[in-house]
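# Understanding the architecture of this molecule
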Amino acid sequence: MTGTTTAHESEALAATETPARLAADTATAVAVAALRAAGVPEGDARDVAAALTDTSLRGIDTHGLRLLPQYLTELEERIATARPDITVVRDSGAAVMLDADGALGVVAGLAAARIAAERARAHGVAAVGVRNSNHFGAASVYSRRLAAQGLVGIVTTSAASRVAPFGGTQPLYGTNPLSFAAAGDGDEFALDMATSQVCFGEIKERRKHGRALDSGWATDTEGRPATDPEDAYALSPLGGYKGQGLAMVATLLGAVLTGSPADWHLEHIGASAPGRSRQIGHFLICLDPASFAGTESFAAGFSDLVTTTRQAPPGVDAALSVQVPGDPQRRTAEQRAAHGIPLDPHTARAFAELAARHGIEAGA
């Protein structure tokens, strides 16, 4: 949808083999207009739109623009509160507990990130828990927000169960992301990883196109490896028992510590009962380097860490040089900023309809 493509033309493009493309500023404008029409205040609408657009720019499509229609549905069905009253439940200075009042997860997550940054500046370290929230998209939205302020961000969230424990059959844990981010001198380390081998969205895509699953991604109802996507019952933890351990860490922090329901008590996105939030819990930790080795020492060490890693000799069969977390996403963002964000047919149709409804030309 770049150039002079109209909303009507973009809908036609969505039905072709070539993905429709949408300029980032247009995607943001459409999302802001749609969220405002759903009753979300201007500032929150811009925050959510920017988070979704930036996530798609970075190539994390499962957690980017394609979530907007679902978020709008949750607002309509009062799963998410358009104008939440986010309140402080407990405050001990460096530790803060929030009740999100059913806010859109991005709104709750950014509120927590703002408090975490403020308290880390004051105490050197801060931890903010959130309860009574909804899906907050990519965890790196919040860790990177903290890193951009010269801080170190660590973020996780609870999520509805998709992943069986190592050696088990029943899905217990969500794909429970862990994100760590830091930055310095225009460079960035941004790790955002699921604790499963793959996200469930990839399973759905493989089902849609009739493509086999990679070995080790999922298991069937008996716990046997599944390669037919129709047989996939549970996702497999990343790295076996180690991934299970990390998933349990995310549940411990995002659910147990925040007083939120465990993953197996949560409803999946798109399957929630109207009128109440999904009760998701988030957890953010923020560290201020000034309170540890100092900002200058941290900057030097950070530069040494990422530079030395990138300069490591690649293997003989390596297609690319050695990278640090965030490098592939940064390159993708540069490409998509120049050429537009590719959209799957469903998302292209949804954005075309929203653009037409709100009088926005879906072009660059």
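First, a word on scope: everything that follows refers to the structure included in this document. Since we're looking at a predicted model, the values are computed, not measured. (Residues numbered from 1 in each chain as written. Predicted model: local features only at pLDDT ≥ 70, side-chain atom pairs only at ≥ 80, totals over all residues. Heavy atoms only, no water.)

The subject of this paragraph is the pairing of strand β7 (residues 187-193). Bridge analysis of strand β6 (residues 178-184) against β7 gives seven bridges, and the strand direction is antiparallel. Residue F180 lies in a different strand from β7, and its bridge partner there is L191. Counting the residues in the hairpin turn of β6 and β7 gives two residues, including D185, whose phi is positive at 50 degrees. (Pairing = 2+ DSSP bridges. Helix = DSSP H or I, 4+ residues; strand = E, 2+ residues; numbered from the N terminus.)

Regarding helix α8 (residues 241-256), the residues found buried are G243, Q244, A247, A250, T251, G254 and A255. In an axial view of α8, the angular spread of the buried residues amounts to 120 degrees, which keeps them on one side of the axis. The exposed set on the far side of α8, more than 90 degrees from its buried face, consists of Y241, K242 and V256. Residues of α8 that are buried make contact with β5 (152-157), β6 and β11 (280-287). (Buried < 20%, exposed > 50% of the residue type's maximum accessible area, 1.4 Å probe, protein only. Arc of directions from axis to C-beta. Contact = heavy atoms within 4.5 Å.)

Our next topic: the environment of A183. Looking at the element boundaries, A183 is found in strand β6. Once the C-alpha coordinates of A183 and A299 are considered, the two residues, 116 residues apart in sequence, prove to be 8.3 Å apart. Apart from residues lying up to four places away in sequence, A183 is in contact with A147, E188, F298 and F302.

We now examine the packing of aromatic side chains. Scanning all chains against the criterion turns up four aromatic pairs. Ring centres of F298 and F302 lie 6.1 Å apart, and the angle between their planes is 25 degrees; this geometry places the pair in the stacked category. Remark: F302 and F298 occur in helix α9 (residues 295-310); sequence separation between them is four residues, near one turn of the helix. For F298, a relative accessible area of 24% corresponds to the partly exposed category. For F302, a relative accessible area of 6% translates into the label buried. Seen from the ring of F200, R162 lies directly overhead, with NZ or CZ sitting 3.8 Å from the centre. (Phe/Tyr/Trp six-rings, centres within 6.5 Å; stacked < 30°, edge-to-face > 60°. Lys NZ or Arg CZ within 6 Å of the ring centre and 35° of its normal.)

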